Amino acid sequence: MRLYDVPAPAKLNLFLHVTGRREDGYHLLQTVFRFIDLCDMLHFERSSDGLVVCDHEIPGLPAEENLIVRAARALQQATGAKWGARISCDKRIPAGGGLGGGSSDAATTLIALNRLWETGLNRRQLMELALPLGADVPVFVYGQPAFAEGVGEVLTGVDLPERAYLVAQPAQHVSTPHVFTDPGLTRDTKSIKMSVFADWVLRHQLQAKGGQAKQTLESGLNGSCGVFFGRNDLEPVVRARYPVIEKALAFLRQNGICARMTGSGACLFAEFVTHEQALLNQQKIIGKIPYCGDTVPVIEAAWACHGLLDHPLRYWTKD
Ligand SMILES: C[C@@](CO)(OP(=O)(O)O)[C@H](O)COP(=O)(O)OP(=O)(O)OC[C@H]1O[C@@H](n2ccc(N)nc2=O)[C@H](O)[C@@H]1O
Ligand SMILES: Nc1ncnc2c1ncn2[C@@H]1O[C@H](COP(=O)(O)OP(=O)(O)O)[C@@H](O)[C@H]1O
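Not measured: the values here are computed from a predicted model. (Residues numbered from 1 in each chain as written. Chains lettered and ligands numbered in written order. Predicted model: local features only at pLDDT ≥ 70, side-chain atom pairs only at ≥ 80, totals over all residues.)

### Some points on the packing of helix 1 (residues 67-79) against helix 2 (residues 101-116)
Phase 1: Interaxial distance between helix 1 and helix 2 falls to 8 Å at its minimum, and their mutual angle equals 35°. Our pair here, helix 1 against helix 2, has a crossing hand that is right-handed. Facing Leu67, Ile68, Arg70, Ala71, Ala72 and Leu75 of helix 1, the residues of helix 2 in contact are Gly102, Ser103, Asp105, Ala106, Thr109, Leu110, Leu113 and Asn114.
Phase 2: A per-class count over the contact of helix 1 with helix 2 returns 8 nonpolar, 4 polar and 2 charged. (Axes fitted to C-alpha atoms, helices over the stretch in contact; angles between N-to-C directions. Helix = DSSP H or I, 4+ residues; strand = E, 2+ residues; numbered from the N terminus. Left-handed = near helix turned anticlockwise from the far one by under 90°. Contact = placed C-beta atoms within 7 Å. Nonpolar A, V, L, I, M, F, W, Y, C, P; charged D, E, K, R; others polar.)

The following block contains the structure:
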């Protein structure tokens, strides 16, 4: 029994507000998660020896700590499953980029092995297994774009319009714990009701339909919607700590692309009404990217992506 080409999509945080801090040091957030079609691809083969083996290596990380392995073991432990699995992963989402690649791999592993091992857990049960693996893992099991609160685990589905994104990866690794412990981090952004975000989306959708946000390349605005809801409270901290990210944002701005950081960075994104606009802007910046030092371009890679209306595995799990 095997499952091949099982996708694990990346996420964007359309905004991210830090509203408080828990006793254990974790931060209370409000954010909206949107899945995009930049995906890792996982392959699973069921084995009868009970062993979990994964060929995906992350430099500096022991194999046992790979989130794919941890997710498979968590499912085995919770269900008493006697099966094992050989797992491989075609990695496309840059690790530690604020795109949730590791978290998404973990969620896809839980969902796929729940099917392959016939362990029959429902969505709520899989989400309970997901949270200890990381604050970002439950939303990928939840399966819909979501307004998230708590540390990211209190989820409410949101309707998002069809949009496309230019996603850029600056040549900078950012440590999530360092960002959250930075003394300069704003931790008291006022909580909002989800309806405030939903109303904002509706208003901007109507404007886009009316042509106001649907600018063309010729108009000089490059089609970038150029407006974001709220802010990413982690972004000022990261920009202050890492000049490469400041430089990457400035380069995009000079090219008419209004970008924001996702999660704790380092990846940046700009929203467009059509995929064609995202693609044209991707082509426009390639070849012009400035260098930091002599040899390293400030942006290592850029993708034109579709925003997904649902997680591709949403209906693999029963509610
Ligand atoms: C910031 C966000 C926003 O979506 O995404 P990323 O940039 O990592 O993708 C997430 O909250 C990250 O989630 P995740 O990457 O799963 O974080 P975890 O492994 O649980 O935590 C990594 C570290 O970040 C800090 N952390 C994380 C989440 C949170 N709400 N408060 C925190 O203070 C803690 O120091 C923790 O030790
Ligand atoms: N399968 C995996 N893919 C990517 N990163 C992983 C994986 N397993 C563990 N990790 C660790 O988790 C960290 C966060 O990864 P990831 O979820 O991709 O980024 P982020 O949390 O910034 O969105 C990485 O720096 C890496 O050390």
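### Considering the nonpolar core
Phase 1: Residues Leu110, Tyr165, Leu166 and Ala248 are the most contacted members of the largest nonpolar core, which totals 87 residues.
Phase 2: For this core, the element with the highest residue contribution is strand 2 (residues 27-47), accounting for 9 residues.
Phase 3: For this core, the two domains that each supply at least three residues are domain 1 (2-159) and domain 2 (164-306).
Phase 4: Ignoring any residue separated from it by four or fewer positions in sequence, one finds Tyr165 in contact with Leu12, Ile36, Phe269, Ala270, Glu271, Phe272, Ala278, Cys305 and Gly307. (Core = buried A, V, L, I, M, F, W, Y, C linked by C-beta atoms within 7 Å. Buried ≥ 20, exposed ≤ 12 C-beta atoms within 10 Å, placed from the backbone. Domains from an automatic or database assignment.)

### Some points on the environment of Asp40
Phase 1: Here Asp40 is to be found in strand 2.
Phase 2: Apart from residues no more than four positions distant in its own chain, Asp40 is found in contact with Ala8, Cys89, Asp90, Lys91, Arg92, Ile93, Gly101, Ser104 and Asp105.

### Some thoughts on unusual backbone geometry
Note: most peptide bonds trans; most residues except glycine with negative phi.
Phase 1: Here Gly265 and Ala266 are connected by a cis peptide whose omega angle stands at 10°.
Phase 2: Backbone geometry places Asp5, a non-glycine residue, at a positive phi of 55°.
Phase 3: Inspection of the secondary structure puts Asp5 in strand 1 (residues 2-21).
Phase 4: Note on Asp5: 9 C-beta atoms within 10 Å, which makes it exposed.
Phase 5: One non-glycine residue with positive phi stands out, namely Glu118, at about 55°.

### As for the site of ligand 1
Phase 1: Within the structure, ligand 1 sits among 20 residues, and His27, Gly134, Asp136, Gly263 and Ser264 are positioned closest to it.
Phase 2: Secondary-structure elements contributing two or more residues to the shell around ligand 1 are strand 1, strand 2 and helix 5 (176-181).
Phase 3: Within the shell around ligand 1, the residues separate by chemical class into 7 nonpolar, 12 polar and 1 charged.
Phase 4: When residues of the shell around ligand 1 are assigned to domains, at least three fall in each of domain 1 (2-159) and domain 2 (164-306). (Near = placed C-beta within 6 Å.)

### A few points about helix 3 (residues 123-130)
Phase 1: Three or more residues of helix 3 are buried, namely Leu126, Met127, Leu129 and Ala130. Seen end-on, helix 3 carries its buried residues on one side only, within an arc spanning 160°. (Arc of directions from axis to C-beta.)

### Focus: the sheet that holds strand 7 (residues 164-170)
Phase 1: Strand order in the open sheet formed by 4 strands is 8-9-7-12, and the pairing between neighbours is antiparallel. Two strands in the sheet have a free side with no partner beyond their single neighbour: strand 8 (260-261) and strand 12 (299-306).
Phase 2: Here 5 bridges tie strand 7 to strand 9 (residues 268-272), and the two strands are oriented antiparallel to one another. By the bridge assignment for strand 9, Leu166 is matched with Ala270.
Phase 3: The sheet strands contacting helix 8 (residues 243-254) are strand 7, strand 9 and strand 12, and the helix crosses strand 7 at an angle near 140°.
Phase 4: Across the sheet, helix 9 (residues 275-285) lies against strand 7, strand 9 and strand 12, angled at about 165° from strand 12, the strand it touches most. (Pairing = 2+ DSSP bridges.)

### Points about the site of ligand 2
Phase 1: Residues in contact with ligand 2 amount to 19 residues; listed here are only the nearest, Leu67, Ala95, Gly96, Gly101 and Gly102.
Phase 2: Going through the elements one at a time, helix 1 and helix 2 are the ones with two or more residues in the shell around ligand 2.
Phase 3: Counting residues per element, the shell around ligand 2 draws most heavily on helix 2, which supplies 4 residues.
Phase 4: Here the residues of the shell around ligand 2 sort into 6 nonpolar, 12 polar and 1 charged.
Phase 5: Counting residues domain by domain, the shell around ligand 2 receives three or more from each of domain 1 (2-159) and domain 2 (164-306).

### Considering the UniProt feature "domain: GHMP kinase N-terminal" (unreviewed entry) in the protein
Phase 1: Per the UniProt record, the feature "domain: GHMP kinase N-terminal" (unreviewed entry) sits at residues 66-144.
Phase 2: Across residues 66-144 one finds 54% helix and 9% strand; the C-alpha atoms that close the span lie 25 Å apart. (UniProt positions renumbered as here; feature names shortened; annotations may be inferred.)

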